[in-house]
Number of protein chains: 2
Amino acid sequence: MRDDPDVPETRRGRPTMNDVAAAAGVALKTVSRVVNNEPGVNATTAERVHAAIERLGYRRNDGARTLRRGRTASIGLVIEDVADPFYSGLSRAVEDVALDEGCLVFTGSSGEDASRERELVLAFCARRVDGLIIVPAGTDHDYLTPEIDAGIAAVFADRPPGAGPDADTVVCDNAGGARVGTEHLLAHGHRRIAFLADSPSIFTATERLRGYREALASAGLPYDEELVAMAPPGRARALADLERLFRLADPPTALFTGNGRTTVATLRALAAPITHGPPVAVVGFDDFELADLLGITVVAQDPARLGRVAAELLFRRLAGESGPPQRLELPTRLVVRGSGELPLRG
Amino acid sequence: MRDDPDVPETRRGRPTMNDVAAAAGVALKTVSRVVNNEPGVNATTAERVHAAIERLGYRRNDGARTLRRGRTASIGLVIEDVADPFYSGLSRAVEDVALDEGCLVFTGSSGEDASRERELVLAFCARRVDGLIIVPAGTDHDYLTPEIDAGIAAVFADRPPGAGPDADTVVCDNAGGARVGTEHLLAHGHRRIAFLADSPSIFTATERLRGYREALASAGLPYDEELVAMAPPGRARALADLERLFRLADPPTALFTGNGRTTVATLRALAAPITHGPPVAVVGFDDFELADLLGITVVAQDPARLGRVAAELLFRRLAGESGPPQRLELPTRLVVRGSGELPLRG
DNA sequence: GTGAAAGCGCTAACAC
DNA sequence: GTGTTAGCGCTTTCAC
C-alpha cells in the first residue's frame, strides 16, 4: 500500500544516465558523451554533467553498455585448482595481462572434473566473455564448438583440447623435460629409475612418461612397467607405491616424479619411517616453493610465463589476428640442487 | 536455398530468443518460459522450442537477463595476490561457495596497492556484481560508501577496512596466535626472541606484534625494539635483518616470523653461509607447504575456512539477512614440528 | 554542440 | 497455455 513505483527521490537502485541527464538539465546522449570522454562537448556543459554525476554518485552500468556494444571486456579462466601453486601462478599472470587490456577475469576451478569444466565454461559463455583460457580437465570439447563458432576466442593452456575444436594451445615441453630429467639420473649412474606421476588420462603425465621412455631407450635400457606408477597424487598412494617399489627384487635407486604434487607427496612418503632404506636420488618435474631449501633437483617450467603467453595469444586473437590455430611449446629448465645428483652406490 | 529461415547464415553474433521463437513458430515469451524452466508450457510446444534451441545453438545471454532482473549472480573477489598460497587457498573456498550459490567470481589481485584495489573494486561495481569480498590493501575505503549504499554487499577478509564504511569483517585471531607462538618459545627458555614481520602498515603484522608484546609483558620481559624488524618480505631484507640481529651484543636465540612469506624468506636466509652461527629456534605465523618436512613449528590459520566463512557471510547478506555489521574472528592453532622446541642452550 | 529515437536480448506484467 | 507490450541502462544512428 505504501508502494510508490515512480518516486525519484526514493529511488531504489542506482542513478542512471537518465537521472544524471535530468539533474544536469541535458539530454541523455550528452551524459553518455561525457561519461565516455567523447569529444564535442562544451566544457561548461561537461562541467555541469560532472557535477551531477558526483552529486548523485553515478557509476556507469557496464552490463548495459556491454549489451549494446557486443563486447564484455571480460574473459573466463578455467583451471584445475587455484589453490595449486602451479595454477595460481598461471592465474596471476593471466590477470595481469587482462588488466592491462582493460579486461576482467572470471576464474573457476574445475577440480579435474570434466563436467564441472564444461559447466564453468558454458556459464562464462552465457555471460558472453570475449575469450576463454582453459586448462582442460575433460577430453571432449565438442561442447565448445558452437561457442567458438559464435565468436568466443579460446586458448588452451597446459594441455591441448580433446576431441572438438582445434584451438590455440600453449603447453610446455613435457616429453623433452622428462627426458632431460631422466637422462640426468642416468648420467649419475642410475639404471633402475622409477617413474611416479599422475593418471595416464592426464596429457602432461603421458607426455612425461614418453620422455622418460625415450631417455631409457636412448641409453639402451629396457622399459620396466614395474617401475612405473601413475595415479592421482596423494600421501597414501605415494606410500603404497614406494613400499611396493622398494620391495622389488631389483628396486629403483632413483625416482623421477612427474609433477609438483607427486613430488611433494613422494618426499613426504620418503620421510616416513616405513619407507626408510638406502637413500634414493630424486628428480621432479615442476619446481615448487622450498625445493631449494630441501635440495630437490627439478625440471622447472614457468607457470607465470605459460599464463602470460596464453593470455597474450588470446588478446591477439581478440584484436583480430587470424590464421590457423597455433600450438606453442615452452621450454623447461633443469635446476640442479642435490637430490638428483646422488650417485649410484657401487 | 540461400535463405534458410531456420539457420540465418549471415547473422552477426549469436541467435537470440527471437530467432528461436521464429524458428519454433512461437512467441518470444514462450521461448523464455522454456529456457527458464517456467511451468505452464505445453509439452509438445516445449519440445519444438528445445529442438529449435538445439538446431540454432542458442544459449541465453545472461548479460541481458541480468540487466532486466537486477541481479548479476556474480561477485568480485579482491585479494593481495592469487599466486600467494594463502590467498589462493582463500580464493578456492570463495569460488566453491559461490558456485554452490550459482554465482560466478571475478578475481583480481591488488598487489598490496591501494589504488589498484580501488580500481578493481570499482570495475567490479561497474559490472554490478552482487557482492564483494575484499582483502583490503588500502586504508581508506570511503570510495566504497556509494556502492554499499547502492546495495552492493561487501565483506572484508583477513583485514578490517580502513576509514569508510563499516562492513562485515572476517579475520583470524592475529594477536592471540602471535601470543601463543611467542609463549611457546618462552616456555622453551628463550628470553631474546626476535620478531620479523611485514610492514607495520599491514593490519595483521601490527596485530601480531601486539600479541608478541603481550606475551613478553606477561612473562615480565622487556620489549626491545632492536629485536623487531618489520618490512615487506624478501630474501635480501631477511638476510640483512638476520645479520644485524646476530651481531647484537645480546643476540636473539629464537625468531618469531610474522607471516608465511617472511618465514620462508627467513628460512632461506638462515640457510645462507653468511648467517651461520648457533642455531636459533623458529616459530612462524601461517602454515605453509612442506613446513612439515622442514620441521617448522607454526601458528596455523586456515585460509580456506577464512574464504568460506567470508563467502557464507556474504551470501547470507545477499539472501536478505540484516543486522549490524559482523566482525568474526577465526581461531589459530599451534602446530609443533621441532623448530620451535629447540631449547635455549645453557 | 546537442538531442530524439531506435534498439542490444532479455524478463515482468499483463493481456487473451 | 500463450502472446503482447514495456522496459532494464546503455550506445548508435542521424537529425537539428
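Residues numbered from 1 in each chain as written. Chains lettered and ligands numbered in written order. Predicted model: local features only at pLDDT ≥ 70, side-chain atom pairs only at ≥ 80, totals over all residues. Heavy atoms only, no water.

Colleague: Whenever I open this one, the overall build of chain A confuses me. Can you help?
Modeller: Looking only at helices and strands, chain A has 13 helices and twelve strands in total. Taken over C-alpha atoms, the radius of gyration comes to 27 Å for chain A, far larger than the 20 Å a tight globule of 346 residues would show. Each principal axis of the C-alpha distribution contributes one length, and for chain A these read about 90 × 45 × 40 Å. Within chain A, the fraction of its 346 residues that count as buried is 53%. Relative to all contacts within chain A whose residues are 6 or more apart in sequence, the contacts with residues 24 or more apart total 67%. Taken as a whole, chain A presents about 15400 Å² of accessible surface, with 51% of it coming from carbon and sulfur. The positive charge centre, built from 40 side chains, and the negative charge centre, built from 48, are 4 Å apart in chain A. (Helix = DSSP H or I, 4+ residues; strand = E, 2+ residues; numbered from the N terminus. Rg over C-alpha atoms; globule rule 2.2 N^0.38 Å. Buried < 20%, exposed > 50% of the residue type's maximum accessible area, 1.4 Å probe, protein only. Contact = heavy atoms within 4.5 Å. Areas by Shrake-Rupley, 256 points an atom, 1.4 Å probe, with all protein chains shown as cover. Lys, Arg positive; Asp, Glu negative; His and termini not counted. Charge placed at Lys NZ, Arg CZ, Asp CG, Glu CD.)

Colleague: In this structure, what is going on with the sheet that holds strand S10 (residues 297–300) of chain A? I would like to understand it.
Modeller: Two pairing modes exist for strands in a sheet, parallel and antiparallel, and in both the strands are linked by backbone hydrogen bonds. Residue and element names in this part refer to chain A. The strand order S7-S6-S8-S9-S10-S12 describes an open sheet built from six strands, whose pairing is mixed. The open sheet is flanked by strand S7 (228–230) and strand S12 (333–335), the only strands paired with a single partner. On average, adjacent strands in this sheet sit at an angle of 15° to one another, irrespective of strand direction. Across three bridges, S10 lies against S12 in antiparallel orientation. Each residue of the ladder has a partner; that of Val 298, found in S12, is Val 335. Strand contacts of helix H8 (residues 174–187): strand S6 (193–197), strand S8 (254–257), strand S9 (281–285), S10 and S12, with the helix running at about 170° to S9, the strand carrying the most contacts. (Pairing = 2+ DSSP bridges. Axes fitted to C-alpha atoms, helices over the stretch in contact; angles between N-to-C directions.)

Colleague: Is there a simple way to think about the relation of the copies chain A and chain B in this case?
Modeller: The two chain copies are related to each other by a rotation about an axis together with a translation along it. The two copies are related by a screw operation: chain A maps onto chain B through 180° of rotation and 0.0 Å of translation along the axis, at an RMSD of 0.1 Å. The superposition operator between the copies reduces to a two-fold rotation axis. Using C-alpha coordinates, one finds that chain A approaches the rotation axis most closely at Phe 106 of chain A, a distance of 2.2 Å. Of the residues that chain A buries at the interface, 100% are likewise interface residues in chain B, meaning the two copies contact each other through the same surface. (Least-squares fit on C-alpha atoms with pLDDT ≥ 70 in both.)

Colleague: I'm lost on the sheet that holds strand S12 (residues 333–335) of chain B in this one. Help?
Modeller: Residue and element names in this part refer to chain B. A sheet is described by the order of its strands in space; here six strands give the open sequence S7-S6-S8-S9-S10-S12, paired in mixed fashion. Only two strands of the sheet have a single neighbouring strand rather than two, namely strand S7 (228–230) and S12. Between one strand and the next, the sheet's axes are offset by a mean angle of 15°, whatever the strand orientation. The pairing of strand S9 (residues 281–285) with strand S10 (residues 297–300) spans three bridges and is classified as parallel. Across the sheet, residue Val 283 finds its bridge partner in S10, namely Thr 297. Across the sheet, helix H9 (residues 203–218) is in contact with strand S6 (193–197), S7 and S9; its angle to S6 comes to roughly 170°. Helix H11 (residues 260–271) contacts S6, strand S8 (254–257) and S9 of the sheet and is inclined by roughly 145° relative to S8.

Colleague: I keep staring at the protein's contact with DNA strand C and nothing clicks. Help me out?
Modeller: Of all residues adjacent to DNA strand C, which total 25 residues, the nearest are Thr 30, Thr 45 and Arg 68 of chain A together with Met 17 and Tyr 58 of chain B. Backbone sugar and phosphate groups make up 63% of those atoms of DNA strand C lying within 4 Å of the protein. Between DNA strand C and the protein, one listed contact pairs a phosphate oxygen with a side-chain N or O atom of Ser 32 of chain B at 3.0 Å. Arg 65 of chain B is positioned with one of its side-chain polar atoms (N or O) 2.8 Å from a phosphate oxygen of DNA strand C. Residue contributions to the surface near DNA strand C peak at five residues, all from helix H4 (residues 62–69) of chain B. Classifying every residue of the surface near DNA strand C gives nine nonpolar, eight polar and eight charged. (Near = heavy atom within 4 Å. Polar contact = N/O pair within 3.5 Å; in protein donor to acceptor, adjacent residues only side chain to side chain. Nonpolar A, V, L, I, M, F, W, Y, C, P; charged D, E, K, R; others polar.)

Colleague: In this structure, what is going on with the protein's contact with DNA strand D? I would like to understand it.
Modeller: Around DNA strand D lies a shell of 25 residues, among which Met 17, Lys 29 and Tyr 58 of chain A together with Thr 30 and Arg 68 of chain B are the nearest. Backbone sugar and phosphate groups make up 63% of those atoms of DNA strand D lying within 4 Å of the protein. Within the side chain of Arg 68 of chain A, one N or O atom sits 2.9 Å away from a base oxygen of DNA strand D. One of the side-chain N or O atoms of Arg 68 of chain B is found 3.0 Å from a base nitrogen in DNA strand D.

Colleague: It is not clear to me how the environment of Val 228 of chain A should be interpreted in this structure. Could you clarify?
Modeller: Residue and element names in this part refer to chain A. Relative to the helices and strands, Val 228 is located in strand S7. Residue classification places Val 228 among the buried positions, given a relative accessible area of 14%. As a C-alpha pair, Val 228 and Val 94 span 134 residues in sequence and 35 Å in three-dimensional space. If sequence neighbours within four positions are ignored, Val 228 has contacts with Phe 195, Leu 209, Tyr 212, Tyr 223 and Arg 244.

Colleague: Where do I start with the packing of aromatic side chains in this structure?
Modeller: Here a ring pair, both rings aromatic, is described through the centre-centre distance and the interplanar angle of the planes. All names here are of chain B. Taken as a whole, this structure holds eleven aromatic pairs over all chains when the rule is applied. Centre to centre, the rings of Phe 106 and Phe 124 are 5.5 Å apart; their planes meet at 15°, and the pair counts as stacked. Taken as a pair, Phe 106 in strand S2 (residues 104–109) and Phe 124 in helix H6 (residues 114–126) lie far apart in primary sequence, 18 residues in all. Across the pair, exposure class does not vary: Phe 106 and Phe 124 are buried alike. (Phe/Tyr/Trp six-rings, centres within 6.5 Å; stacked < 30°, edge-to-face > 60°.)

Colleague: I would appreciate a short explanation of the interface of chain A and chain B in the present structure.
Modeller: A common way to report how large an interface is uses the accessible area buried once the components associate. Tallying the contact residues gives 52 residues for chain A and 52 residues for chain B. Counting across the chain A and chain B interface gives 14 salt bridges. Taking the shortest distance from any N to any O, the salt bridge between Arg 127 of chain B and Asp 62 of chain A comes out at 3.7 Å. Summed over the shared surface of chain A and chain B, the result is 25 residue pairs in polar contact (both at pLDDT 80 or more). Of all the secondary-structure elements, those providing two or more residues to the side of chain A that touches chain B are helix H4 (62–69), helix H5 (85–100), strand S2 (104–109), helix H6 (114–126), helix H7 (145–149), helix H11 (260–271) and helix H12 (291–294) of chain A. (Salt bridge = Lys/Arg side-chain N within 4 Å of Asp/Glu carboxyl O.)

Colleague: Quick question: what am I supposed to make of the domain arrangement of chain A here?
Modeller: Residues and elements named next belong to chain A. Each assigned domain of chain A is listed here: domain 1 (9–60), domain 2 (72–172 + 303–331) and domain 3 (174–301 + 334–341). Centre-to-centre, using C-alpha coordinates, domain 2 lies 30 Å away from domain 3. For the pair domain 2 and domain 3, the two sides together bury roughly 900 Å², of which 55% comes from carbon and sulfur. Where domain 2 packs against domain 3, one counts two salt bridges. Of the charged contacts in the structure, one is a salt bridge between Asp 81 and Arg 261, with a shortest N-O distance of 3.9 Å. Run the count over domain 2 and domain 3 and you get two residue pairs in polar contact (both at pLDDT 80 or more). Residue composition of the side of domain 2 that touches domain 3, grouped by class: six nonpolar, no polar and six charged. (Domains from an automatic or database assignment. Buried area = accessible area lost by both parts, 1.4 Å probe.)

Colleague: Would you take a moment to explain the pattern of salt bridges for this structure?
Modeller: Between side chains of opposite charge, pairing is possible as soon as their charged atoms come close. Following the criterion strictly, the structure yields 49 salt bridges over all chains and no others. In this structure, Arg 14 of chain A engages Glu 147 of chain B in a salt bridge whose closest nitrogen and oxygen atoms are separated by 2.7 Å. Pair noted here: Arg 14 of chain A is in the segment before helix H1 (17–24) and Glu 147 of chain B is in helix H7 (residues 145–149), and the two residues belong to different chains. Taking the shortest distance from any N to any O, the salt bridge between Asp 250 of chain A and Arg 192 of chain A comes out at 3.4 Å. Taken together, the residues Asp 250 of chain A in the loop between helix H10 (235–246) and S8 and Arg 192 of chain A in the loop between H8 and S6 connect sequence positions 58 residues apart. Using a relative accessible area of 43% as the deciding quantity, one classes Asp 250 of chain A as partly exposed. The class of Arg 192 of chain A is buried, set by a relative accessible area of 17%. Each of the salt bridges in this network shares a partner with another, and the network as a whole consists of Asp 81, Asp 84, Arg 116 and Arg 261 of chain A together with Arg 92 and Asp 96 of chain B.

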